[in-house]
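# Notes for the structure review
Next come the chains, spelled out residue by residue.
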Amino acid sequence: MSERPSVMFVCVHNAGRSQMAAAWLAHLAQGAIEVRSAGSAPADQVNPAAVEAMAEVGIDIAAEKPKVLTTEAVKESDVVITMGCGDACPIFPGKRYEDWELVDPAGKNVDGVRPVRDEIKTRVEELIASLLPANA
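First, a word on what this report is: a plain description of the structure on this page. Worth saying up front: this structure is predicted, and the values here are computed from it rather than measured.

## Some remarks on the layout of surface pockets
If you add up the space inside the largest pocket, you get close to 150 Å³. Taken together, Q19, A22, A23, A26, V35, R36, S37, I59, D60, I61, E64 and K67 form the lining of the largest pocket. The element contributing the most residues to the lining of the largest pocket is helix α1 (residues 17-29), with four residues. Looking at the lining of the largest pocket, its residues break down into six nonpolar, two polar and four charged.

Written as structure tokens, this is what we have:
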């Protein structure tokens with residue numbers, strides 16, 4: 001693993017779960033971990049309910065844009081986290097892979113997204129503790 005660990009969050013549309021996870025990691029790790037997110041079939045925009053749910057906790061993801069998953073981005077990441085979507089993600093030796101099974105917030109209102117947001121926060125806190133044990 002590199003001196004500054006790098007994490008890639010992957011879901012199908014890169015519009016909800018992976019965007020929220022990336023935002024939580026960037027916010028909570030305060031620059032100590034490089035953060036990426038992408039989707040195998042990116043949506044046109046980030047889920048508005050996810051934007052609203054994150055805004056409620058003081059994190060602005062309104063300007064984020066869904067990005068396409070590339071082999072290069074996976075190669076450059078130390079940890080690759082798929083978001084329960086069964087994505088075909090490139091596998092490279094020496095990488096840490098995790099699959100987080102999370103409810104898909106697509107089509108849900110902010111009330112339906114809040115529990116997903118909160119579960120992602122808990123998982124991101126555990127991830128940070130595993131990557132930066134001295135800070136735990």
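Alright, that's what it looks like, and here's the rest.
## Structural notes on the nonpolar core
Counting residues in hydrophobic clusters, the biggest one holds 33 residues, and the most contacted among them are V7, F9, L25 and L127. Residue assignment for this core shows that the elements contributing at least two residues are β1 (6-11), α1, α2 (48-55), β3 (79-82) and α4 (110-131). When residues of this core are assigned to their parent elements, the largest contribution, eight residues, is made by α4. When neighbours within four sequence positions are excluded, L127 is seen to be in contact with V7, F9, L25, V79, I81, R96, E98 and W100. Counting residues in each nonpolar core, the second largest holds nine residues, with M8, L69, V74 and V80 among its members.

## Brief notes about the environment of V57
With respect to the element layout, V57 can be found in the loop between α2 and α3 (71-75). C-alpha of V57 to C-alpha of W24: the two residues are 33 residues apart in sequence and 10.0 Å apart in space. Among all residues touching V57, those that are not within four sequence positions of it are W24 and R117.

## What to know about the sheet that holds β3
A sheet is described by the order of its strands in space; here four strands give the open sequence β2-β1-β3-β4, paired in parallel fashion. Each of the sheet's edge strands pairs with one partner strand only, and the pair in question is β2 (34-39) and β4 (96-99). For this sheet, the mean angle separating the axes of adjacent strands, direction not counted, is 20°. In this structure, β1 lies alongside β3, joined through four bridges in parallel fashion. Of the residues in β3, the one forming a bridge with V7 is V79.

## Remarks on α1
The end-to-end C-alpha distance of α1 is 18 Å, a good match for the 18 Å that 13 residues give at a rise of 1.5 Å each. In terms of burial, α1 is a largely internal element, ten of the 13 residues being buried. Those residues of α1 that sit buried are R17, S18, Q19, M20, A21, A22, A23, W24, L25 and A29. Q30, located one to two residues past α1, shows a positive phi value of around 50°.

Scoring rules and cut-offs
The numbering scheme is per chain: residues are counted from 1 as the chain's sequence reads. Only residues with pLDDT of 70 or above have their local features reported here, since the model is predicted, and side-chain atom pairs are shown and tallied only from 80 upward, although totals for entire chains, interfaces and linings are computed over all residues. In computing side-chain values, all of the structure's heavy atoms are included and hydrogens and water are not. Computed over the protein atoms alone on a 1 Å grid, cavities are sets of points where a 1.4 Å probe fits but cannot get out and pockets are open sets with protein on both sides within 12 Å along at least five of seven lines; a residue lines them when it has an atom within 4 Å of a point. Grid points are joined across faces, edges and corners, and a volume is the space filled by probe spheres set on the points. Secondary structure elements are defined from DSSP: runs of H or I of at least 4 residues count as helices, runs of E of at least 2 residues count as strands, and each element is numbered from the N terminus. For this scheme, ten residues count as nonpolar: Ala, Val, Leu, Ile, Met, Phe, Trp, Tyr, Cys and Pro. Four count as charged, namely Asp, Glu, Lys and Arg, and the remainder, Gly too, count as polar. In this description, a nonpolar core means a group of buried Ala, Val, Leu, Ile, Met, Phe, Trp, Tyr and Cys residues linked to one another through side-chain atoms lying within 4.5 Å. Burial classes follow relative accessibility: with a 1.4 Å probe on protein chains only, a residue under 20% of its type's maximum area counts as buried, one over 50% as exposed, and anything between as partly exposed. Note on contacts: a residue pair qualifies if any of its non-hydrogen atoms lie within 4.5 Å across the two residues. Two strands pair under a simple rule: DSSP has to find at least two bridges between them. Fitting a line to C-alpha atoms yields each axis, with helices limited to the stretch in contact; the angle taken between N-to-C directions then spans 0 to 180 degrees. Given a helix with a known number of residues, its expected span is that number minus one, times 1.5 Å.

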